[in-house]
Amino acid sequence: VPRWASNVIEKYHSNGTLVAHWGGGGTAEGQFSQPQDVVVDSDGYIYVADTQNNRIQKFDGSGTFICQWGTAGSGIGQFYAPWSIALDDHGNVYVADVNNNRIQKFAPSNRPDQTIITLSTNPDKVGTVDGSGTYAYGTRVTVTANVHEGWSFLNWTENGIVVSTDPSYTFTTTGNRDLVANYIPVIEAPISNFTADIRMGKVPLTVEFSDTSTQAPTTWLWDFGDATISTDRNPSKTYETPGTYTVSLTASNTYGSNTEIKDEYITVLSSPPLAFHGSTLLSVFRGDRISFIGTAADNPEPGVGIWIFGSDTYLHDTTPVNSDGTFTYELIGAITATMPLGQYHVVAQHPGADNEYDIIENVVGDTTYIQLRSASEPGIAPPIGDVAFIAAGPGSLQGADATLALTDLLERNCIDDGYAILTFRVDEQQAYRYITEWGSYGEGKGQFNSPRGVAVDHEDNIYIAECYGSRIQKFDSNGTYILEWGGEGEGDGEFFLIEDLAVDRDGYVYVVDSGNGRIQKFDSSGTFLMKWGSPGVGIGQFSAPQGITIDDKGYIYVTDYGPHVGQQRIQKFHSSGTFISELDLGTGGVNGIEVDKDGYIYVPRWASNVIEKYHSNGTLVAHWGGGGTAEGQFSQPQDVVVDSDGYI
């Protein structure tokens, strides 16, 4: 670890013991000024981002100085606060040059820029080779050996050592190479044979077949047993229908053909349909009764297995299946009253066509295992790992971890049990009940970087505006990702600092593109339609637009700063962007805005901690609040909405 305050590098044993340190403040070799990062390469050499000295220093594993590079500046190889450092597998060094706003890449000075690939055949002139030449260091190169009639490719060798048995050999250049393609004569008809990477599994089952025929076949004809064929040497086949399949391979060359038939070689299992009905996420209060309702195909005799996992909670039971294929499992209030608050996962298990559960519970002493039936006899502890895990007792998995472990077992190809998952929460009694949540920090689908605006259309789709992420994401009401659009910039459909968005009754989406001083309009799929506004304080311009709402008539209201210092205003527009009117709000911070069905305008004053209600003519008709934590008080309120019953 680099100690930037004391300008030393410290090395610890994995048990926490300090085993070495070196450095000290200064500019000499081996001294530092606020070092921020350190990496170690595969040979044990240590690289330090010596931030305030604007250089990179390299040491051996004991802290002995090796070399350094970099000076203060913005030129090539110079730094202005090198902050972070990384290495790749080729020894290249990447430096985050913070105040120069760039990444610099360096390579060891003794590494060749070019490599030469030389190819030949053995015996000479019995085949051709492609791919020789000069390549940049680190290039992915494929060399290919081609055969002449009567010969078969054997392997690639280098200095007499076999490096590949594939006629197309791909590698990364790290130096000059002299490769030889070796051939053998074809002297008789092939002897066919083959293997498969998997022979039993659930539909759809993808099998990778491999030709292991001898005597150098040149053509292949596969019959997969379901009226489909292939002429590839090593084909991939996906079986879509349960059953048992006989597979054959006919391998041929100029000397003849041979066929290998393997009866009932592939077995494809079916996972019987199983499903929960209703919401995939429920919320109940402690003491509530909750029922899980679903359907199970084929009316399994053992019923449906029920597994429930939560924090310090594990339940296992079975429930019968009705003649119509439905099943119901109920947790009575006496049970939910004792369950810890939080999220729970329910897994329903169908025993499959053999009416036997392949995943079972096994109690051994004070430990309960969930395991493959074949993992051990009842009462004998199974090995923990791929075939079993602990559900209750010392070392048990909890909640989502236990659920994932169970479904991993059920997903194994040799298992024909079906399953379905449902999630619910147990909460304390409160005014509003938690339903679901989604998102985390990041740039991926369903992740967010400063979500500032949220809007709902008439189909209950959710739109999220990311201020720093510069994009709009669309989800269904359960948080399932649908689509996104945007990106940072000034062009149509691009954004800089999004503050809010709104959706009108026709599904059009209006986005407050604050950093660009404009409003952009899109359809529900994110297609750009139009824009209006420009940076400024004039009519129809925007200084720093913050909030947006749409009234029942389709008029658009935007909060913004006016032409005077500290002045806040609301501008009203037609859906085409045509300016209609302006309401001067005076000074005091305003971000969000709402208009109710009667045309009254509501704004939260985050600076004075009050909510203000205005007539459409601009007259203040009510205000309430004040700074504090008591009921009816606020601390920097940012937004306000009004429901169809007039509640705010």
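Residues numbered from 1 in each chain as written. Predicted model: local features only at pLDDT ≥ 70, side-chain atom pairs only at ≥ 80, totals over all residues. Heavy atoms only, no water.

Engineer: Help me out: how do you make sense of the overall build of the chain in this one?
Structural biologist: Looking only at helices and strands, the chain features 2 helices and 53 strands. For 648 residues, the compact-globule estimate of 2.2 N^0.38 gives 26 Å, and the C-alpha radius of gyration of the chain, at 34 Å, exceeds that figure by more than 25%. Taking the principal axes of the C-alpha coordinates as reference, the chain spans close to 100 × 80 × 60 Å. The buried share of the chain, reckoned over its 648 residues, is 42%. If you take every contact in the chain between residues at least 6 apart in sequence, the share linking residues at least 24 apart comes to 48%. Total accessible area on the chain is roughly 32,400 Å²; 48% of this is exposed by carbon and sulfur atoms. For the chain, the distance from the average site of its 35 positive side-chain charges to the average site of its 80 negative ones is 6 Å. (Helix = DSSP H or I, 4+ residues; strand = E, 2+ residues; numbered from the N terminus. Rg over C-alpha atoms; globule rule 2.2 N^0.38 Å. Buried < 20%, exposed > 50% of the residue type's maximum accessible area, 1.4 Å probe, protein only. Contact = heavy atoms within 4.5 Å. Areas by Shrake-Rupley, 256 points an atom, 1.4 Å probe, with all protein chains shown as cover. Lys, Arg positive; Asp, Glu negative; His and termini not counted. Charge placed at Lys NZ, Arg CZ, Asp CG, Glu CD.)

Engineer: Explain the sheet that holds strand E34 (residues 359–364) to me, please; I cannot follow it from the model alone.
Structural biologist: Note on sheets: strands pair through backbone hydrogen bonds, and any given pair is parallel or antiparallel. Taking strand neighbours across the sheet as the criterion, the 3 strands line up as E34-E35-E36 in an open arrangement whose pairing is antiparallel. For this open sheet the edge positions go to E34 and strand E36 (388–392), each flanked by a neighbour on one side alone. For this sheet, the mean inter-axis angle between neighbouring strands, taken without regard to orientation, is 30 degrees. Here 6 bridges tie E34 to strand E35 (residues 367–372), and the two strands are oriented antiparallel to one another. Bridge pairing in E35 places Glu361 opposite Ile370. Sheet strands in contact with helix H2 (residues 399–410) are E34, E35 and E36, and its direction is about 145 degrees off that of E36. (Pairing = 2+ DSSP bridges. Axes fitted to C-alpha atoms, helices over the stretch in contact; angles between N-to-C directions.)

Engineer: Help me understand the sheet that holds strand E23 (residues 229–230) in this model?
Structural biologist: Strand order in the open sheet made by the 5 strands is E20-E26-E25-E22-E23, with mixed pairing throughout. Edge positions in the sheet fall to strand E20 (200–202) and E23, since each has one partner strand and no second. Bridge analysis of strand E22 (residues 219–223) against E23 gives 2 bridges, and the strand direction is antiparallel. The partner of Trp222 across the bridge, within E23, is Ser230.

Engineer: Even after reading the chapter, I still don't get unusual backbone geometry, so can you show me in this structure?
Structural biologist: If a residue is not glycine, its phi is most likely negative; likewise, a peptide bond is most likely trans. Looking along the chain, the bond that leaves Asn122 and enters Pro123 is cis, with omega of -5 degrees. Phi at Asn54 is positive, roughly 55 degrees, even though this residue is not glycine. For Asn54, the position within the fold is in the loop between strand E5 (46–50) and strand E6 (55–59). Notably, Gln215 is not glycine yet its phi reads approximately 70 degrees, a positive angle. Examined against the element boundaries, Gln215 turns out to sit in the loop between strand E21 (205–211) and E22.

Engineer: Sorry, what's going on with the nonpolar core here?
Structural biologist: Side chains of nonpolar character tend, in soluble globular proteins, to be buried together. The biggest cluster of nonpolar side chains holds 21 residues, and the ones touching the most others in it are Phe292, Ile308 and Phe424. Listed by contribution, the elements that provide at least two residues to this core are strand E27 (274–276), strand E29 (290–296), strand E30 (304–310), strand E32 (326–331), strand E33 (342–350) and strand E37 (418–427). Discounting residues that sit within four places of it in the chain, Ile308 has contacts with Phe292, Thr313, Tyr314, Leu315, Tyr329, Leu331, Tyr344, His345, Val346 and Phe424. Counting residues in each nonpolar core, the second largest holds 17 residues, with Leu205, Phe224, Tyr239 and Ile266 among its members. (Core = buried A, V, L, I, M, F, W, Y, C linked by side-chain atoms within 4.5 Å.)

Engineer: Looking at this structure, I do not really get the environment of Gln31. What am I missing?
Structural biologist: When you line up the elements, Gln31 lands in the loop between strand E3 (18–23) and strand E4 (37–40). Under the relative-accessibility criterion, Gln31 is labelled partly exposed at 26%. Through-space distance from the C-alpha of Gln31 to that of Lys262 is 71 Å; in sequence the pair is 231 residues apart. The residues contacting Gln31, other than those within four sequence positions of it, are Gly24, Gly25, Gly26, Asp50, Asn53, Arg55 and Gln57.

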